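Results of the structural survey
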Amino acid sequence: GNDNTVVAYNQCIRFNGSAWSTTGSLITNRRDIICGGSAGAGIAVGGNNGAAKAASPSAISNVEKFNGSSWSSATAYPVVITMGGISGDSSSAVIFGGTNSGGAASYANTYQFNGDTIPTSYTLRDNMLTSRYLFQGAKNGSSTSTLAAGGSRGTWSSQTLINSTEEFGNSI
């Protein structure tokens, strides 16, 4: 979670259709996290482990899977990442775009996450056409079909806004 003031959190909150309640906490405190999946098959990738953006937090590569009540560690993502996109769940997801700390590097990478293998694994897929972070992804996308719309690239003090939309539809 992120309140954009001081620290990173590990709290996880679930909505059951009528009310919110706390559930198992993430193992790693973080903010600006990349989350996907469902209440019973969630996945959390990367994020920042430090204070607010102005304080230069550090991006991380930690990945955790949620089984409906608790989080477990998975194999780390290939690069430190924050503010990217994800579609799918803890057994199969596609993770795309994002940045390292401070926006110094915008990613175009797309990785397929296979959460059913032990250890979990990643396969490099087709890159995005435009590297970006802080974009809107398809909330109902899958590991084989999703969208990325808008976003930014560049550092916090010198961002370039992106107004294009990309579609990922690579069958596996």
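Scroll up a little and you will see the structure.
Below is a short write-up of the structure. Please read all numbers here as calculations on a predicted model, not as lab measurements.

1. Description of the pattern of salt bridges
- Applying the stated criterion across every chain, the model contains 3 salt bridges.
- The salt bridge involving Glu64 is made with Arg30; its shortest N-O contact spans 2.6 Å. Here Arg30 lies in the loop between β2 (20–23) and β3 (34–36) and Glu64 lies in strand β5 (residues 63–66), a separation of 34 residues in the sequence.
- The exposure class assigned to Arg30 is buried, which follows from its relative accessible area of 0%.
- Arg132 is the salt-bridge partner of Glu166, the closest N and O atoms lying 2.9 Å from each other. On the criterion of sequence distance, the pair formed by Glu166 in strand β15 (residues 165–168) and Arg132 in the loop between β10 (121–124) and β11 (136–137) is long-range, its members being 34 residues apart. Per residue, the accessibility class of Glu166 equals that of Arg132, and both read buried.

2. Topic: the nonpolar core
- Val45, Val63, Tyr77, Ile86, Ile95, Phe113 and Tyr122 are the most contacted members of the largest nonpolar core, which totals 14 residues.
- Of all the secondary structure elements, the ones that give two or more residues to this core are β4 (42–45), β8 (92–96) and β9 (110–114).
- When residues no more than four places from it in sequence are discounted, the contact partners of Val63 are Ile43, Ala44, Val45, Ser72, Ser73, Ala74, Thr75, Ala76, Tyr77, Phe113 and Tyr122.

3. Some details on a nonpolar patch on the surface
- A contiguous nonpolar surface patch, about 360 Å² in accessible area, is contributed by Ile13, Phe15 and Trp20.
- Within the secondary structure, Ile13 sits in strand β1 (residues 12–15).

4. Some points on the side chain of Arg132
- Classification of Arg132 by relative accessible area gives buried; the value is 0%.
- Of the polar contacts made by the side chain of Arg132, one reaches the backbone oxygen of Thr130; its length is 3.5 Å.
- If we skip the residues at most four places from it in the chain, Arg132 touches Gly97, Gly98, Ser106, Tyr107, Ala148, Ala149, Gly150, Ser152, Ile162, Ser164 and Glu166.

5. Remarks on the pairing of β1
- Two elements, β1 and β2, share 4 bridges in a ladder whose sense is antiparallel. Looking at the pairing, Ile13 lines up with Thr22 of β2.
- Hairpin remark: β1 followed by β2, antiparallel, with 4 residues in the connecting loop; positive phi at Gly17, about 105°.

Criteria and cut-off values
- Residues numbered from 1 in each chain as written.
- Predicted model: local features only at pLDDT ≥ 70, side-chain atom pairs only at ≥ 80, totals over all residues.
- Heavy atoms only, no water.
- Salt bridge = Lys/Arg side-chain N within 4 Å of Asp/Glu carboxyl O.
- Helix = DSSP H or I, 4+ residues; strand = E, 2+ residues; numbered from the N terminus.
- Buried < 20%, exposed > 50% of the residue type's maximum accessible area, 1.4 Å probe, protein only.
- Core = buried A, V, L, I, M, F, W, Y, C linked by side-chain atoms within 4.5 Å.
- Contact = heavy atoms within 4.5 Å.
- Patch = residues over 30% accessible without salt bridge, like charges linked within 9 Å, V, L, I, M, F, W, Y side chains within 5 Å.
- Areas by Shrake-Rupley, 256 points an atom, 1.4 Å probe, with all protein chains shown as cover.
- Polar contact = N/O pair within 3.5 Å; in protein donor to acceptor, adjacent residues only side chain to side chain.
- Pairing = 2+ DSSP bridges.

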